[in-house]
Amino acid sequence: MTTDLRVVKTKETIKRGFLACIDKQYFSKLTIAEITKEMQINKSTFYNYYEDKYDLRSKLIDSALESFSNSIDVSYLKLTPSKIQNYEQKLPTALLPLFKQRKVFMTLWSPKLESNVFEQMENIFVKKFLEALYTTNPGENNTPYQELQARLFAASAMQVIKWWFEVSPTTPVAEVSKIIADCLASGTFVAFNSPTRQDD
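These numbers were taken from a predicted model, which means no experiment stands behind them. (Residues numbered from 1 in each chain as written. Predicted model: local features only at pLDDT ≥ 70, side-chain atom pairs only at ≥ 80, totals over all residues. Heavy atoms only, no water.)

Trainee: Lay out the nonpolar core with the relevant residues and their values.
Mentor: Formed by 52 residues in total, the largest nonpolar core has its most connected members in Phe 18, Phe 68, Phe 105, Leu 108, Trp 109, Phe 125 and Ile 180. Contributions of two or more residues to this core are made by α1 (5–24), α2 (32–39), α4 (53–71), α5 (84–100), α6 (102–109), α7 (117–136), α8 (144–166) and α9 (173–192). Counting residues per element, this core draws most heavily on α7, at 10 residues. Excluding its chain neighbours within four sequence positions, the residues that come into contact with Trp 109 are Val 117, Phe 118, Met 121, Met 158, Ile 161, Lys 162, Phe 165 and Glu 166. (Core = buried A, V, L, I, M, F, W, Y, C linked by side-chain atoms within 4.5 Å. Buried < 20%, exposed > 50% of the residue type's maximum accessible area, 1.4 Å probe, protein only. Helix = DSSP H or I, 4+ residues; strand = E, 2+ residues; numbered from the N terminus. Contact = heavy atoms within 4.5 Å.)

Now the structure itself:
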């Protein structure tokens, strides 16, 4: 089954128009008329694809979160602290696709969208971290420290990405990768791979 390019183009137009509207005002105050005016389409075209603005927001967020989830690389869990440099070298491959969607993510993080997308991204990171940890160490019981390790690194990495997108978008991806890898090497690996912590 081939994809109808007209459908793809129309959905992309709707997406861009919706995000442009969110940049201007809060979601709760946004009307379908304003959305379709921004998109330069009629209401019937909009309703061919979405039930209402809530359906549009939900599907747009789901798509962005799926893209984010697919880009997360937690292979560092199999590395020793001395080999974190290998992880740093792989990170740009995961980060660049996210940067290409930078403006979309920044709008999705905006309070005007009235949704907790940034928090949902952090939670996805935590879940992937824990899943990979259990795969790396099968049979190992879940501990509060593993949960803490996952949350700390997810929060750290997400804040670096947010800073990169919002404050310093001209920072080279290699430098961003180094910052994340350094946070990992000096933070969670030190705190959670020490002999005293392993004995807990």
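Next, the rest of the story.
Trainee: Requested: an account of the side chain of Ser 69, with residues and values cited.
Mentor: Along the chain, Ser 69 turns up in helix α4. What Ser 69 contacts, discounting residues up to four positions off in sequence, is Ile 124 and Lys 128.

Trainee: Explain the environment of Thr 10 residue by residue, including any values.
Mentor: Residue position: Thr 10 is located in helix α1. Taking the C-alpha atoms as reference points, Thr 10 and Met 39, separated by 29 residues in sequence, lie 9.3 Å from one another. Ignoring sequence-local partners within four residues, the contact set of Thr 10 consists of Thr 45 and Tyr 49.

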